[in-house]
Amino acid sequence: MKLLIKSGRIIDPSRNIDRVENILIEEGKISSYPAETKKLEKDKKINLIDASGKTVSPGFIDMHVHLREPGYEHKETIRTGCEAGAAGGFTSLVCMPNTNPINDNASVTEYILLKARKEGIVNVFPIGAITKGEKGESLAQIGEMFEAGCVGISDDGMPVMNSKVMRHAMEYVRPFNIPVISHAEDKNLSGNGVMNEGFFSNKLGLGGIPNASEEVIVARDITLAELTGVHLHIAHVSTAGSVRLIREAKARGIRVTAEATPHHVMLTDEAVLGYDTNAKVNPPIRTAEDVEFIRDGLKDGTIDAIATDHAPHSEDEKKVEFDLAPFGISGLETALPISLKLVTEGVLTLNQLIEKLTFNPAQIVNIDRGTLMVGAKADLVIFDTEKAFTVDRMKFRSKGKNSPFHGWKLTGHVEYTIVGGEIVYSA
Amino acid sequence: MVFQRKHILGLEELDAREINLVLDTAASMKEVSERDVKKVPALKGTTVVNLFFEPSTRTRSSFEIAEKRLSADVLNFTLSQSSVIKGETLLDTARNLEAMGAGVIVIRHSMSGAPWLLAKELHSSIINAGDGSHEHPSQALLDLFTIREIKGEIGGLVVVIVGDIRHSRVARSNIWGFLRLGAEVRVVGPATLIPKEIEYMDVKVFYTLEEALKDADVVIMLRIQMERQGSEYFPSLREYSKFYGLSREKLRIAKDDVSVMHPGPINRGVELSSEVADDVNSVILDQVSNGIAVRMAMLYLVASGGRNV
Ligand SMILES: [Zn+2]
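Residues numbered from 1 in each chain as written. Chains lettered and ligands numbered in written order. Predicted model: local features only at pLDDT ≥ 70, side-chain atom pairs only at ≥ 80, totals over all residues.

What about the interface of chain B and chain A?
For the record, the criterion: Our contact criterion uses C-beta atoms placed from the backbone: two residues qualify when those atoms are within 7 Å. The way it works is that DSSP assigns letters per residue, a run of H or I at least four long becomes a helix, a run of E at least two long becomes a strand, and they are numbered from the N terminus. As a working rule, the residues Ala, Val, Leu, Ile, Met, Phe, Trp, Tyr, Cys and Pro are called nonpolar, Asp, Glu, Lys and Arg charged, and the rest polar, with Gly in that last group.
Across the contact, 20 residues belong to chain B and 14 residues belong to chain A. Of all the elements in the fold, those that place two or more residues in the side of chain B that touches chain A are helix H4 (90–99), helix H5 (114–121) and helix H7 (169–180) of chain B. When the residues that make up the side of chain B that touches chain A are grouped by side-chain class, the tally is 9 nonpolar, 6 polar and 5 charged.

So, helix H13 (residues 335–344) of chain A
Residue and element names in this part refer to chain A. This is how the line gets drawn: Residue burial here comes from a neighbour count, namely the number of other C-beta atoms, placed from the backbone, that lie within 10 Å of the residue's own C-beta, with 20 or more meaning buried, 12 or fewer meaning exposed, and in between meaning partly exposed.
H13 sits mainly inside the fold: 7 of its 10 residues count as buried. When H13 is considered as a whole, its buried residues turn out to be Ala335, Leu336, Pro337, Ile338, Ser339, Leu340 and Leu342. Where H13 is buried, its residues touch helix H10 (262–266), helix H11 (288–300), strand E15 (305–306), helix H14 (350–357), strand E16 (380–390) and strand E17 (409–419). A positive backbone phi angle near 80 degrees is found at Gly346, which sits one or two residues after H13.

Description of the domain arrangement of chain A
All names here are of chain A. Basically, it comes down to this: Domain borders in the structure are assigned automatically or taken from a domain database.
Each assigned domain of chain A is listed here: domain 1 (2–56 + 376–426) and domain 2 (58–364). Computed over C-alpha atoms, the centres of domain 1 and domain 2 are 26 Å apart. For the side of domain 1 that touches domain 2, the secondary-structure elements that each account for two or more residues are strand E1 (2–12), E16, E17 and strand E18 (422–426). The leading source of residues in the side of domain 1 that touches domain 2 is E17, at 7 residues. Looking at the side of domain 1 that touches domain 2 residue by residue, the class counts come to 15 nonpolar, 9 polar and 6 charged.

Details of the nonpolar core
Formally: A set of buried residues qualifies as a nonpolar core if it consists of Ala, Val, Leu, Ile, Met, Phe, Trp, Tyr and Cys joined through C-beta atoms within 7 Å.
Counting residues in hydrophobic clusters, the biggest one holds 224 residues, and the most contacted among them are Val160(B), Ile161(B), Val219(B) and Leu299(B). Counting residues per element, this core draws most heavily on helix H12 (residues 284–304) of chain B, at 12 residues.

Focus: the pairing of strand E1 (residues 47–52) of chain B
Residue and element names in this part refer to chain B. Keep this limit in mind: Each pair of strands is called paired provided DSSP finds at least two bridges between the two strands. When the strands point away from the viewer and the connection leading from the first strand across the helix to the second strand turns clockwise, the crossover is called right-handed.
For E1, the tally of buried residues reaches 5 of 6 residues, placing the bulk of the element in the interior. The pairing of E1 with strand E2 (residues 73–78) spans 6 bridges and is parallel. Bridged to Val48 within E2 is Val74. Assessed by its sense of winding, the connection that carries the chain from E1 through helix H2 (residues 57–69) to E2 is right-handed. Across 6 bridges, E1 lies against strand E3 (residues 102–109) in parallel orientation. Looking across to E3, one finds that Thr47 is bridged to Ala102.

Some remarks on the packing of helix H6 (residues 137–151) of chain B against H12(B)
Residues and elements named next belong to chain B. To keep things clear, this is the line we draw: Between N-to-C directions, angles cover 0 to 180 degrees, with each direction set by a line fitted to C-alpha atoms, over the stretch in contact for helices. Should the near helix be turned anticlockwise from the far one by less than a right angle, the crossing is left-handed, and should it be turned clockwise, the crossing is right-handed.
Relative orientation of the contacting elements H6 and H12 amounts to 115 degrees, with a least axis distance of 8 Å. You can see that H6 and H12 cross each other, and the crossing is right-handed. Between H6 and H12, the contacting residues are Ser138, Leu141, Leu142, Asp143, Phe145 and Thr146 on the first element and Asp286, Gln287, Asn290, Gly291, Val294, Arg295 and Met298 on the second. The residue inventory of the contact of H6 with H12, partitioned by class, reads 5 nonpolar, 5 polar and 3 charged.

Examining the domain arrangement of chain B
Residue and element names in this part refer to chain B. Looking at the assigned domains, one finds that chain B contains domain 1 (16–135 + 291–304) and domain 2 (137–287). If you look at the interface, domain 1 gives 18 residues, while domain 2 gives 17 residues. With 5 residues, helix H1 (residues 16–34) is the largest single contributor of residues to the side of domain 1 that touches domain 2. The residue inventory of the side of domain 1 that touches domain 2, partitioned by class, reads 8 nonpolar, 6 polar and 4 charged.

So, the sheet that holds E2(B)
All names here are of chain B. Reading across the sheet, the 4 strands line up as E2-E1-E3-E4 and stay open at both edges, with parallel pairing between neighbours. If you trace the sheet from one side to the other, it starts and ends with E2 and strand E4 (125–131), each paired once. The average undirected angle you get between the axes of adjacent strands in this sheet is 15 degrees. As judged from the 5 bridges shared by E3 and E4, these two strands associate in the parallel manner. Within E4, the position partnered with Val104 by the bridge is Ser125.

Description of helix H8 (residues 211–228) of chain A
Residue and element names in this part refer to chain A. Our working definition: Each helix should span, by expectation, one fewer than its residue count multiplied by 1.5 Å.
In this model, H8 (18 residues) spans 26 Å end to end at C-alpha, consistent with the 26 Å of a helix rising 1.5 Å per residue. Among the residues of H8, those classed as buried are Asn211, Ser213, Glu214, Glu215, Ile217, Val218, Asp221, Ile222, Leu224, Ala225 and Thr228. Gly229 occupies a position one or two residues after H8 and carries a positive phi of about 80 degrees.

A closer look at the packing of helix H9 (residues 240–251) of chain A against H11(A)
All names here are of chain A. Rules: Any angle from 65 to 115 degrees is called roughly perpendicular, while one under 35 is roughly parallel, one over 145 is roughly antiparallel, and all others are oblique.
Packing of H9 against H11 leaves a shortest axis separation of 8 Å and a crossing angle of 25 degrees. Between H9 and H11, the crossing angle belongs to the class labelled roughly parallel. Residues Ala240, Val243 and Arg247 of H9 touch H11, and the partners they reach there are Glu289, Asp290, Phe293, Ile294, Asp296 and Gly297. Residues belonging to the contact of H9 with H11 are distributed by class as follows: 4 nonpolar, 1 polar and 4 charged.

Below you can see the structure in the form of structure tokens.
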């Protein structure tokens with residue numbers, strides 16, 4: 001099947017392109033940028049999308065999602081997670097290993113990839129665990145998981161608390177040239193914390209998680225990355241101090257990259273007032289000062305990527321005492337409009353934003369996506385930056401309706417999501 | 001004046017007018033308690049459920065007496081931690097009680113915010129009888145009532161709260177209550193038990209008891225949870241008591257007519273020396289008897305909206 005996308009504003013940061021062009025897609029790949037389309041439009045075998053007034057970019061890549069399958073299919077499945085991704089403009093999802101069983105060996109990796117091929121409408125790239133069972137004790141089957149298709153390793157959700165184990169994981173993985181993704185958290189410092197430590201945790205009588213809980217592990221992992229030479233990626237940066245540490249490490253030439261989530265750049269811990277479990281997330285939503293630092297970090301390139309940390313949970317699981325509710329926000333379907341606020345608020349240009357949603361994450365996990373150059377896989381998103389709408393979490397395609405953005409009036413709407421030349425979502 | 005609220009969840013959300021209305025209503029209720037027939041028909045036909053997830057005989061008994069004096073039908077529901085783990089969710093339990101006709105649910109829970117969850121999801125009136133480290137409104141209201149009765153006026157008083165501020169719901173509710181009515185509030189305790197950014201609640205922070213006690217009109221001693229000793233919060237009860245226990249000697253630093261309060265139960269020789277606990281300045285037993293009148297007022301106001309006090 002052929003597809004012609006006419007007159008869209010093409011933004012492709014991988015080639016530094018921002019101009020109105022036509023794109024022809026053939027056999028799942030970007031075939032050409034025809035200047036003249038009259039003849040093509042008459043061809044009955046070519047589907048046409050008129051993208052005038054719309055933005056066309058490489059499909060978004062979310063390098064931090066929880067698809068929950070296998071094991072937690074009541075929260076999300078590979079099928080529903082991919083549908084949610086497509087609705088959010090994502091053509092590739094990088095999924096974390098904290099499933100049940102945990103993705104700590106090649107058979108689980110193969111299961112995820114098989115399911116994704118059968119039921120997933122977007123690309124799925126798994127992350128393998130660092131340690132067996134994410135227990136932080138002995139190394140997972142890293143080499144075999146790499147062979148099976150894992151694009152990075154992480155014990156996301158459970159930090160590797162033993163520094164010696166982390167060091168050896170970094171040394172072992174280095175020759176495979178995939179990143180170690182750190183969920184930076186000192187579990188002892190977090191204690192029984194369920195939100196940011198500060199005025200609001202005090203007021204609510206809830207256990208607080210101090211910024212230091214994240215920063216001591218960011219500092220440790222940077223030190224270990226320097227020792228081992230591995231590519232370290234810091235997941236979901238939430239504090240001012242982490243931004244400072246990563247900025248300084250980059251300046252010294254250490255191989256470190258980082259991501260931030262839409263909720264950490266748009267909310268403060270005040271969101272928890274009223275014991276709103278939909279705003280319970282780990283790392284917690286922090287203060288206005290932290291938000292400012294993360295935004296500066298996005299702007300100056302300290303933070304390379306925007307990732308959602310999409311963590312769907314069922315309604316029943318969230319409708320409990322705040323202490324008992326699981327951490328996590330369902331993020332795939334609000335990521336674009338929330339991130340676009342960074343553009344309207346002058347933090348990023350639209351080009352920079354798209355770079356952090358496409359090319360940069362593709363580089364970090366080293367996958368052949370995130371570009372619209374001729375010959376590339378035809379993964380694209382077409383969106384309208386002006387179209388306004390109100391977030392209705394009950395309309396999410398994700399099984400996880402747990403969003404703190406319910407009722408927000410936002411602009412930025414995905415019109416089409418295209419994977420390998422096939423339209424997988426249209427508004 | 002009419003009480004507009006359906007629930008009493010915490011002192012933080014009450015303004016001075018509302019707090020005074022509760023205290024004034026409590027004063028009328030106290031008269032009832034002093035009559036020969038200590039009963040009024042105010043809550044006749046209303047079912048009140050005491051839903052306690054933590055064992056607290058004192059608070060539960062006080063609520064129960066208050067409910068019976070208002071002629072309510074009372075149902076006690078005390079759940080041990082183990083039956084919660086085995087069984088249904090908090091919401092399911094509460095919905096069942098509501099279906100049985102509970103007009104008011106009085107809830108005590110070990111987790112902060114539990115009463116808010118019920119208020120959001122149910123139709124019954126909810127009274128918070130203590131949630132986690134968050135609020136304990138009936139305790140703070142009876143403390144305010146007791147002090148107002150003794151001193152006449154709360155505005156301008158210096159109130160010192162001593163001990164484990166971090167984990168104390170009594171501290172939080174009293175901070176809001178005394179601040180709303182115009183007192184100066186000081187907190188003092190080991191640095192590990194004074195939470196970060198507490199000063200933004202407009203309290204003054206001290207780390208030595210002697211300093212905090214200067215010019216004090218009211219001293220509220222918090223109960224120390226025994227499991228905190230020997231943990232990372234402080235080395236031993238002996239050391240805690242040496243620095244933060246109230247002796248007669250330290251009490252001399254405060255004003256002569258200082259009132260000493262304790263939410264109970266007291267660890268004698270830890271928070272308070274026995275001589276202080278039994279001192280003329282101690283108002284601990286007044287607190288207990290006023291507790292019934294204050295709880296009657298709370299129940300009456302949420303159930304009836306404050307008509308014909
Ligand atoms: Zn994580």
